[in-house]
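Chain by chain, the residues:
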Amino acid sequence: MSETSKTVKGDESPKTEQADTTEPAAAPVTVAPADDPTGAPVAVVDPRLLVREEGLKGYLTEFKRRVKGGELGSLPVVAGLIIIWTIFQVKNSLFLSAANLSNISYFLAATGMLAIGLVFVLLLGEIDLSVGSVSGLASTVFAVFVVNHGMNQWLALILTIITGIGIGALHGWFFAKIGVPAFVVTLAGFLGWNGLMLWLLGSSGTINIPADSGPVKLLGQSSFFMDQAIIGAYLLAGLGVVLSALGQFNEQRRRRAAGVPFRPTSEIVVRVALLAIASFAAAAVLNNAAGVSNALVIFLASLVIVDFVLRRTTYGRKVFAVGGGIEAARRAGISVPMVRITVFAISGGFAAIGGMFFAGQTASATLNAGGGNTLMLAIAAAVIGGTSLFGGRGSVWSALLGMLVIQSIQTGLDLLNMNTSIQYMITGGVLLGAVVIDSVSRKSQKAAGRG
C-alpha cells in the first residue's frame, strides 16, 4: 500500500484518504477491482498525471492520443495560418511588413465582432443569418440619431447597441417560444432589417457621420491606443501576460484544493513565457507601424470578457450544456428557452457593435454597410477558427483565429493584385476544409468513445 494513501473500509465501495504532500494530485487512488474475488486494493493513477510525470515524452504521447482521438483544438487553423503567411511572404516581401500587419489587425476587428456573437449561436448548433443586416441597420440608426436628430454620440451608441440586442432577442423569442426554425427567423431578419436600413437611408443611400469626435473617431483607422505612444502596445502585452499567469495559477490553486489533476508550475511557466514572447513580438511589430489601433484593443478586450463568461460562469456552462444536448439540459433544470433567447440577443448586440466598427472605418452609414459577403465571412471566421457547426464545442478565440486567416487571405491577394473572385474561391475552400476537419474530428471522437 502507498505511504501517501490508505484504504478506508466503507459500506460497499472503498475510499481513500490522502496525506498532505507537495503534489497531492499525483497520489494514486486505491480501488478494489470488481473481478478480484479477494477484493485487494490496486493503485490506479490518473493517466493525465502519468503524462506529466513522464516529462516531454509524456506530453508527446498525450499529443498523439489527442490527435488520434480527434481532439485537434486550434492546431489546424494555426498550421494553416503559418502556411498562408509563408506563401504570401514568398510572393510579396511586403506581406509581413509592419504596415501590412497593422492593416490586417485593424480591418479584422469589425467582422470579428460579428463572429464573436455568432460563436454563441453556433455553440447551440444553430445559425444567425441576420447579423450582416443588423450591423448595417445599427450604423444607420446611429447616423440617424446623430445627424438627423442631433443626439449625443455616446447616447446614440448605447441606444444603437440596445437596438441590436432587442432585435436579436426578438429572433430568439420566435425561435424558442414559437418554434420557428432559427434559419427561417434570421433569414427573414436578414431581408427585413436590410429593407429598414434602405428606408432609413433614403434616396441618397448615405449618411455622413462627423468623424472628429465620439465613437466614430475612437474606431477610426487613425486612432490608436494611448495616442500612438510606444508604451501603449507593451503595456497591453504585459497586461495580457499578467492576467494569463494569474488566471492559470488561480486555476491550479483551486484544482489542487479540490484534489483533482492540475497543471504543474513548470508547465504554466512555459505557457506564460510563450505567450509573453508572442505578445511582445506583436507589440514591437505594431509599434514599427503606428501602434495598436483602438479597434483592435476593443476587439481583444471583448474576446477576454466573453471567454471568461463562457468558461467561468454558470451561464456559459448552460450554453455549452444546451448545445451538447437539449433534453439532457432540460433534465438538469436549465431553462432552454432562456438560453436560446439570450444567445440570439448577444449575437444581435455584437452585430450592432460590429456595425459601429464599420461606421468608424468610413465615417458614414451606407447601402454597403453589412452587405456583400460580410455575413458569410463572419460565419466562416467562427467555423474556420474551430467552432463546431454541430454545437457544443468551440471558443470565442476562434473569432480571432478565423479572422486572421480570412483577413490575411484578402490582404495577401490584394498585394498580389488578384481578382476578388479568387479571394472568394480561396476563402470558400478554406471554409470547406475547416468543416471537413470538424466532421472528421467528431467521427474520431465518437470512435474513441468521447463523442
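Remember, predicted model here, so these are calculated numbers, not experimental data.

Criteria and thresholds
Residues numbered from 1 in each chain as written. Predicted model: local features only at pLDDT ≥ 70, side-chain atom pairs only at ≥ 80, totals over all residues. Heavy atoms only, no water. Helix = DSSP H or I, 4+ residues; strand = E, 2+ residues; numbered from the N terminus. Buried < 20%, exposed > 50% of the residue type's maximum accessible area, 1.4 Å probe, protein only. Contact = heavy atoms within 4.5 Å. Areas by Shrake-Rupley, 256 points an atom, 1.4 Å probe, with all protein chains shown as cover. Salt bridge = Lys/Arg side-chain N within 4 Å of Asp/Glu carboxyl O. Axes fitted to C-alpha atoms, helices over the stretch in contact; angles between N-to-C directions. Parallel < 35°, antiparallel > 145°, perpendicular 65-115°, else oblique. Nonpolar A, V, L, I, M, F, W, Y, C, P; charged D, E, K, R; others polar. Core = buried A, V, L, I, M, F, W, Y, C linked by side-chain atoms within 4.5 Å. 1 Å grid on protein atoms, 1.4 Å probe; cavity = no way out; pocket = protein on both sides within 12 Å on 5 of 7 lines; lining within 4 Å. Points joined across faces, edges and corners; volume = space filled by probe spheres on them. Phe/Tyr/Trp six-rings, centres within 6.5 Å; stacked < 30°, edge-to-face > 60°. Expected span 1.5 Å × (residues − 1). Bend = angle between axes of the 7 residues up to and from the residue. pLDDT = per-residue confidence, 0-100. Arc of directions from axis to C-beta. Polar contact = N/O pair within 3.5 Å; in protein donor to acceptor, adjacent residues only side chain to side chain.

Below, the discussion takes up the overall build of the protein. Scanning the protein from N- to C-terminus turns up 17 helices and six strands. Looking at the protein as a whole, 42% of its 451 residues qualify as buried. In the protein, once contacts between residues fewer than 6 apart in sequence are set aside, the share between residues at least 24 apart is 72%. Per element, the accessible surface of the protein, about 22,500 Å² overall, is 65% carbon and sulfur.

Attention now goes to the pattern of salt bridges. If the charged atoms of two oppositely charged side chains come close together, the side chains can form a pair. The full count for this structure, using the stated rule, is five salt bridges. Between D307 and R311 there is a salt bridge; the shortest N-O distance is 3.1 Å. Of this pair, D307 and R311 both sit in helix α11 (residues 294–312), four residues apart, roughly one helical turn. What makes D307 buried here is its relative accessible area of 10%. On the basis of relative accessible area, R311 is assigned to the partly exposed category, the value being 48%. Among the ionic pairs, E327 bridges to R330, the shortest N-O distance being 3.7 Å.

Viewed as axis vectors pointing N to C, helix α4 (residues 98–123) and helix α10 (residues 265–289) meet at an angle of 105°, and their least axial separation amounts to 8 Å. Accordingly, the angle class assigned to the pair α4 and α10 is roughly perpendicular. On the side of α4, the interface is formed by A98, A99, L101, S102 and S105, while α10 contributes V285, L286, N288 and A289. Here the contact of α4 with α10 is composed, by residue class, of six nonpolar, three polar and no charged.

Before going further, it helps to spend a moment on the nonpolar core. Among the nonpolar cores identified, the biggest contains 91 residues, and I116, F142, F299, V319 and V343 are the most heavily contacted of them. It is α4 that provides the largest number of residues to this core, a total of 16 residues. Among all residues touching V343, those that are not within four sequence positions of it are F120, V121, L124, Y315 and V319. One finds A245, I268, V272 and A276 within the second-largest nonpolar core, a separate group that totals five residues.

The space that makes up the second largest pocket amounts to roughly 560 Å³. Mapped onto the lining of the second largest pocket, the elements with two or more residues apiece are α4, α14 (336–362), β6 (364–366), α15 (374–384) and α16 (397–415). Residues of the lining of the second largest pocket, tallied by class, amount to nine nonpolar, 17 polar and one charged.

Across all of its chains, the model carries five aromatic pairs by this definition. Note on W173 and F174: the rings are 5.2 Å apart at their centroids and 80° apart in plane angle, and the pair reads as edge-to-face.

The subject of this paragraph is α4. Here α4 spans 35 Å end to end across 26 residues, near enough to the 38 Å set by a 1.5 Å rise per residue. Remark: the principal bend of α4, roughly 40°, maps to A110. Downstream of α4 by a residue or two, G125 has a phi angle that is positive, lying close to 80°.

With respect to the helices, strands and loops of the structure, Q252 is situated in helix α9 (residues 230–258). Using a relative accessible area of 8% as the deciding quantity, one classes Q252 as buried.

A word on the confidence of the model for the protein. For residues with low pLDDT, the predicted coordinates do not support detailed interpretation. For the protein, mean pLDDT is 81; residues scoring 70 or higher make up 80% of the total. Within the protein, the lowest mean pLDDT, 40, falls on strand β2 (residues 15–18), and the highest, 95, falls on helix α6 (residues 153–178). Here residues 1–35 is a poorly scored stretch, pLDDT under 50, and it has 57 contacts once near neighbours within four places are set aside; other chains count. Contacts of residues 42–46 to residues separated by more than four positions or lying in other chains number 13 contacts, the stretch itself having pLDDT below 50.

Moving on to the environment of L275. Along the chain, the position of L275 falls in helix α10. Taking relative accessible area as the criterion, L275 reaches 31% and is therefore assigned partly exposed. The spacing of L275 and S244 is 31 residues in sequence and 8.5 Å in space, taken between C-alpha atoms. Ignoring anything within four residues of it in the chain, the contact list for L275 reads G240, V241 and S244.

Turning to helix α7 (residues 182–201), a few remarks are in order. The terminal C-alpha atoms of α7, which comprises 20 residues, lie 28 Å apart, in line with the 28 Å expected from a rise of 1.5 Å per residue. When we look at burial in α7, the residues that qualify are A182, V185, T186, G189, M197 and L201. Relative to the axis of α7, the buried residues are bounded by an arc of 115° and lie together on one face. Seen from the buried face of α7, the exposed residues on the opposite side, beyond 90 degrees, are L191 and W199. Once α7 ends, the next one or two residues include G202, with phi positive near 75°.

Mapped onto the fold, S398 is located in helix α16. Taking the relative accessible area as the measure of exposure, S398 reaches 2% and is therefore buried. A distance of 2.7 Å separates the side chain of S398 from the side chain of T387, its partner in a polar contact. Ignoring sequence-local partners within four residues, the contact set of S398 consists of V119, A381, A382, G385, G386 and T387.

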